[in-house]
Amino acid sequence: MEFFLQQLVNGLTLGGVYALIALGYSMVYGILKLLNFAHGDVYMVGAFAGYGVLVAFGGPADPRIPVVTLIVLMFLAGMLASGILGVVIERFAYRPLRNAPRIAPLISAVGVSFFLQNAALLVLGARFRSYGTARMVDPATGLQWGPLRISIIRIVVILSAVALMVVLHLLVQRTKLGKAMRATAFDREAAAMMGIDVDRVIVATFLIGSVLAGAAGVMVGLVFSRVYHFMGFVAGLKGFTAAVIGGIGSIPGAMMGGLLIGLAEAFSAGYISSTFQNLIVFGLLIVFLLARPRGLFGVPEPVKV
Amino acid sequence: MRRFERRFAWWAVFALIVAACGGGGQATTTTEGPGTTAPPATAATTTTAAPATTAAPQVCEAKIGVMAPITGPAASIGEEQRNWALLAVDLYNEENGTNFELVEGDTQLDPAQASTVAQQFAADDAILGVVGPAGSQEVEAVGPIFTDAEMAFVSMSATRESLTDGSLPTFFRVVPHDGQQGPTDAQFMIDELAASKVMIIDDQTSYSTGLADTTAATLEAAGVEVVRESVSQDVTDFSALVAKIDDATDVVFLPWQIAANAQLFGDQMAEQGKDAVIFGSDGLFSPSDFTVEGAYVSAFAPDIRGIPEDADLVAAYEAQYGDFGTFGPPTYAATVVLLDAIRSLCDSGAELTRAAVVDAVRATDQATSILGQPIRFTENGDVDGGRFFIFQIKGGSYELVK
Amino acid sequence: MPEIGTDRWVAEFESRRVRREGPWGRLIEWSSRRWLWLFAGAAIVYPFVIGGDFGIRVGVNALLLAMLAIGLNVVVGYTGLLDLGYVAYYGLGAYGYAFLASDQFGIHLPTPVVVAVVALVVFGVGLVLGQPARRLVGDYLAILTLFFLQVFVELALNLDRLDLPFVDGPVSITGGPNGIAGVDPMEILGFRFGQVRDYYFLLLVLVILLIVGVTNLARSRTGVGWRAIREDTLAAEHMTIPSGRLKVLAYAFGATVAAVSGTVFAAVQLGVFPQNFTVALLIVVYAALVLGGEGSIPGALVGALIIAMVPELLRTPAGARLLFYGGLLVAGLTLVRPRRRLAVIVPGLLLFGLAVRALVAGIWPGLVAAETAGGVDRWLLRFSASADVVVSVLFVVTIAVALAAVAVRRRRVRDALLILGVYLLVLVWENRLVEEPSITRQLLFGALLVVLMVARPHGLLGRPRVEVV
């Protein structure tokens, strides 16, 4: 039972991170029908920005400011850097391709991804950087319930992921911008005819999606400590997978998809075999997609004739 | 806007064609080396002086290649290897008045790219030997090409046992193979740690699975219970795996190459309150990145930071490139082996051919090296007398325990 | 925004195609009729012109990529199925060859038999794994096929310690991360392929056969059916086109082409390794296809040649430099309008460089190269190796300035930014990028992909068409 709970916690942390990455994917997809393969690298930049703040304030072992303030600052820096980057990418790599064939921005995105990865390699070097959270916050502190342990940093990460998702939900459901985003996702031309500034909505979508990716980057740094130039690639694939599993374009779907994949990974590694962990996860997903071809929350599109 | 795009494409295609023609020519001519913008002042003066005074000894001049994963997922390894090779060539030239040049080839740890790079090096007549490639599967892929070209290639990190079975006559390596490390580590776990149950987690690379196999074989032969797990190098989280370590497990063996991964593994063990001991292979020997208290690490050479003769070298590297881990020093050693071989040919007045370089490398007899040990090669290219030391991490520093 | 009356526009597309104007257009028109001969001629001459095995090896890589791209063109370009598992079939072909022609299982079948068996088996596998294409559409099919690729890579990586019933000890099927080395070279009709050159010509024959085959197939009822499905599946079904069957057929056809090229790849490399068949290769194949223009065979060919050759060109610093300064020249000539403004910008650039140099020489003399230096050093600053941080910051600033120069509309500001941007680019290039050829190669490749896509959204040789989303 503790083993189960332990894997549940592990899966939830990982899933929360995947969900945040998937949200960016899914929001952009919902509006532009574009698979933004550079999204993972935006997340990488966010993680590095957080690391930069950490180093600037004296590193994990003896920070010059209180740890809580430091973590907040790291989140802000990561979200800011990623947000700006996302908007810049949209402006220069995607906007010129707004009416191009659907696959063209895909290749453009791949180009951006190559560029960002190697720019990071050039500027920051290839060495793995470590947030060193274990030296900042003792990993053994936190909730302890019998043999089950949840470290304080995991709690922080799970809570902030949930908080960000709630904020996003309110933003999309309750604000004017959210309404405009939903309208644009539903039908871009019609939205434009109703006086919605579609370009601005798209920029806002990229901004929000990238900010979430930046937050995810800092979270990964905090919980899983390692930051390096190539981290966005795998995370991007996972985020993409989560977005599709949830029903691509659907915001609650992306959240659920992320959690589902995180849990599937933790439980398959825990209960079956770590060697075949990926195989099992992919196998499950294949079966799932065959059974529900439009993901968890996807609705069949009406066929226009 | 349409017009603009069309013109842009026009020019881009034009430029590509021009570039392709120019580059195609470049690939076949080997006279002009890279980095001609800023030759070191000394080299420039010696080369211009040489024709004037015919009596002066000829400057020993050659190119060598280095193959490493300089970009891509394994760049953290390749960057360090490339930098150490660069440093080796620079220092060697400075010290011996030679004029060696290093050509880098990025393989991304992909055997297909390694083959292409190998062909590039083989086609360049000025290249007399190659440092690398890094991975065992890359060595397998480039083997036929370098055998045909009679090119000596000295690897700094390919440890698969079967590489030196005699099928690759021009292959050498400065690191001992898996068949030496695995049993040593296993014996230590049995004798000193009194292990009764060991979890072995490979990271799905050629290096890792080979080492895991040899270690597991020795452990099982001694009646120790072995649990095999495996996890991809670029996985984000190890906690699901950490949770599987049960109370009976007393040693977790990590034959990994990414020290930061092992550090996280250790941190997550602390987080979940697991008290098994981590035992790392030489890939984790990295005092800056892997500092889990009480963990053991094996290595085929003592930490070069602790060797007094290497102090200048370490300082020179850190000044120029920053921190380093476990992959750099063997690359330095491999580079020096090659350069020494070529210079010995120069000194004896022999003709500089690749075949001669192979023989000269085989005849290598360094009384000591950067690794603090002699380097000689066996008939099949293995480093002679390779043995392993075992360190324990205490208070953040590596202490030799055996 | 798509024009009103999209469907009609699509329907009339072929008849409304106008001949391209101008010298470039005429060249395209001419070469679009004679391109196969042009290509064949150039490709036959190429090994003799280029000399050396390296050039031919690059040619082999290019032809392999061309085969993959043309095969993928049938799946993606004609039928419109986004197949992200394509590379798995390349891998299946390669592993199939390795199983049947190496010491792994001690089987050494004759090459034609191996290729035939592999092609048949993979065609069958394609028919089975293509079934989901009947139900799944668009990106759901994409992710499903991507899973196929991941599963393939995982199997290749992990089927090396399998405990099978009735067999003692773990069995290695794929060799795990070590792959299978020592694969037999090909041998056809008694001719043993020993050199890269032999494979080059074999691949050339295969590519030409494939092009002829696919061209004819595209004109057949099947090919018309494929494209009808791409344009509008529903309408195609109402025209009694069996869309499900045709989709699966296209998928399996692509898979077979990939598998056959995989067998050649395994023989060229004399081994197969899991690292050969990753998502990275998938990206390369897609980039080749889309860059050339999806739906166009000459496009796929040109795209494959560019994608295979340009990165190799970038490997040598001299080649990279040529491409870099060539690119700057092209960018200058296209971005600056009217072109006479170059008369202001180029001298301005030179003066700016000299001014900065003079200014810096006064403050930090260490940054300026010695008087004896020639060429670009008389104009530029040189940073010492310890000033890497400065150069890194400059690199980021450079990107920002260059992007701003593209975005700004006001002419004077734009010219000023251009001068600054080009100066910074050259500065960063000469100080840092030439020292990191491997990273620079990837950087330029990424930038090239973006620029080419933005400049030619339909690919170099693709035809614009409106998609019904």
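Residues numbered from 1 in each chain as written. Chains lettered and ligands numbered in written order. Predicted model: local features only at pLDDT ≥ 70, side-chain atom pairs only at ≥ 80, totals over all residues. Heavy atoms only, no water.

Take the pairing of strand β2 (residues 99-106) of chain B next. Residues and elements named next belong to chain B. In terms of residue burial, β2 counts as a mostly covered element, since six of its eight residues are buried. Direction of pairing for strand β1 (residues 61-68) relative to β2: parallel, over a ladder of eight bridges. Across the sheet, residue K63 finds its bridge partner in β2, namely E101. What joins β1 to β2 is helix α3 (residues 75-96), and the crossover it makes is right-handed. (Buried < 20%, exposed > 50% of the residue type's maximum accessible area, 1.4 Å probe, protein only. Helix = DSSP H or I, 4+ residues; strand = E, 2+ residues; numbered from the N terminus. Pairing = 2+ DSSP bridges. Right-handed = clockwise from strand over helix to strand, strands pointing away.)

With that out of the way, let us pick up the interface of chain A and chain B. Of the residues lining the interface, 33 residues belong to chain A; the matching set on chain B comes to 35 residues. Summed over both partners, the interface of chain A with chain B buries about 2900 Å², with 52% contributed by carbon and sulfur atoms. By the criterion of area lost to chain B, the three top residues of chain A are A:R127, A:F128 and A:R226, representing 23% of everything that side buries. At the junction of chain A and chain B, the tally comes to three salt bridges. Note that A:R154 is salt-bridged to B:E271, the shortest N-O span being 2.5 Å. (Contact = heavy atoms within 4.5 Å. Buried area = accessible area lost by both parts, 1.4 Å probe. Salt bridge = Lys/Arg side-chain N within 4 Å of Asp/Glu carboxyl O.)

Residue and element names in this part refer to chain B. With respect to topology, five strands assemble into an open sheet ordered β2-β1-β3-β4-β5, the strand pairing being parallel. This sheet does not close on itself; its edge strands, each paired only once, are β2 and β5 (171-173). Strand-to-strand twist across the sheet, computed as the mean angle between neighbouring axes with direction ignored, equals 25°. Together, β1 and β2 form the strand contacts of α3, whose direction differs from that of β2 by roughly 170°. Helix α12 (residues 354-362) contacts β3 (127-131), β4 (152-155) and β5 of the sheet and is inclined by roughly 40° relative to β4. (Axes fitted to C-alpha atoms, helices over the stretch in contact; angles between N-to-C directions.)

Here we take up the nonpolar core. Counting residues in each nonpolar core, the largest one holds 282 residues, and the members touching the most others are B:F265 and B:F290. By residue number, the principal contributor to this core is helix α3 (residues 53-78) of chain C, which donates 16 residues. Contact partners of B:F290, with chain neighbours within four places excluded, come to B:A259, B:A262, B:Q263, B:I278, B:L284, B:A295, B:V297, B:I393 and B:Y398. Core analysis: the next-biggest nonpolar cluster, separate from the first, contains 50 residues, B:L102, B:A152, B:A341 and B:I342 among them. (Core = buried A, V, L, I, M, F, W, Y, C linked by side-chain atoms within 4.5 Å.)

Let us look at the side chain of A:R188. Mapped onto the secondary structure, A:R188 falls in helix α8 (residues 188-193). A:E189 is the oppositely charged side chain nearest to the buried, salt-bridge-free A:R188, at an N-O distance of 5.3 Å. (Lys, Arg positive; Asp, Glu negative; His and termini not counted.)

The next point concerns the domain arrangement of chain B. All names here are of chain B. The domain boundaries assigned to chain B delineate domain 1 (58-176 + 308-376) and domain 2 (178-299). Of note, the centres of domain 1 and domain 2, computed from C-alpha atoms alone, are 29 Å apart. Counting residues at the interface gives 13 residues for domain 1, matched by 13 residues for domain 2. Carbon and sulfur atoms supply 49% of the area buried between domain 1 and domain 2, which totals about 1000 Å² over both sides. There are zero salt bridges connecting domain 1 and domain 2. Between the two partners, domain 1 and domain 2, sit two residue pairs in polar contact (both at pLDDT 80 or more). Secondary-structure elements contributing two or more residues to the side of domain 1 that touches domain 2 are α3 and α5 (136-149). A per-class count over the side of domain 1 that touches domain 2 returns four nonpolar, six polar and three charged. (Domains from an automatic or database assignment. Polar contact = N/O pair within 3.5 Å; in protein donor to acceptor, adjacent residues only side chain to side chain. Nonpolar A, V, L, I, M, F, W, Y, C, P; charged D, E, K, R; others polar.)

The subject of this paragraph is the interface of chain A and chain C. Contact residues are listed per partner, giving 52 residues for chain A and 53 residues for chain C. Across the interface of chain A and chain C, roughly 5000 Å² is buried in total on both sides, 78% from carbon and sulfur atoms. Seen at the junction of chain A and chain C, the total is zero salt bridges. Summed over the shared surface of chain A and chain C, the result is four residue pairs in polar contact (both at pLDDT 80 or more). Taken together, the elements giving at least two residues each to the side of chain A that touches chain C come down to α3 (67-94), α4 (104-124), α10 (231-246) and α12 (277-291) of chain A.

With that settled, the discussion passes to the domain arrangement of chain C. Accessible area lost on assembly of the parts is the figure often given for the size of an interface. According to the domain assignment, chain C contains domain 1 (6-313) and domain 2 (319-435). Centre-to-centre, using C-alpha coordinates, domain 1 of chain C lies 42 Å away from domain 2 of chain C.

This paragraph deals with the sheet that holds strand β7 (residues 225-230) of chain B. All names here are of chain B. Pairing in this open sheet of seven strands is mixed, and the strands run β7-β6-β8-β9-β10-β13-β14 from one edge to the other. Looking at the sheet topology across the chains shown, the edges are occupied by β7 and β14 (397-400). Put simply, the sheet's adjacent strands are angled 25° from each other on average, direction ignored. Contacting β6 (197-202), β8 (251-254) and β9 (277-280), helix α9 (residues 259-271) crosses the sheet at an angle of about 160° to β8.

Next up on the list: the packing of α3(C) against helix α8 (residues 196-219) of chain C. All names here are of chain C. At a minimum axis distance of 9 Å, the contact between α3 and α8 shows a crossing angle of 20°. In terms of their interaxial angle, α3 and α8 are classed as roughly parallel. Between α3 and α8 lies a crossing of left-handed hand. Residues D53, I56, R57, G59, V60, L63, L64, M67, I70, V74 and Y78 of α3 touch α8, and the partners they reach there are V196, R197, Y199, Y200, L203, L204, L206, V207, L210, I211, V214 and A218. (Parallel < 35°, antiparallel > 145°, perpendicular 65-115°, else oblique. Left-handed = near helix turned anticlockwise from the far one by under 90°.)

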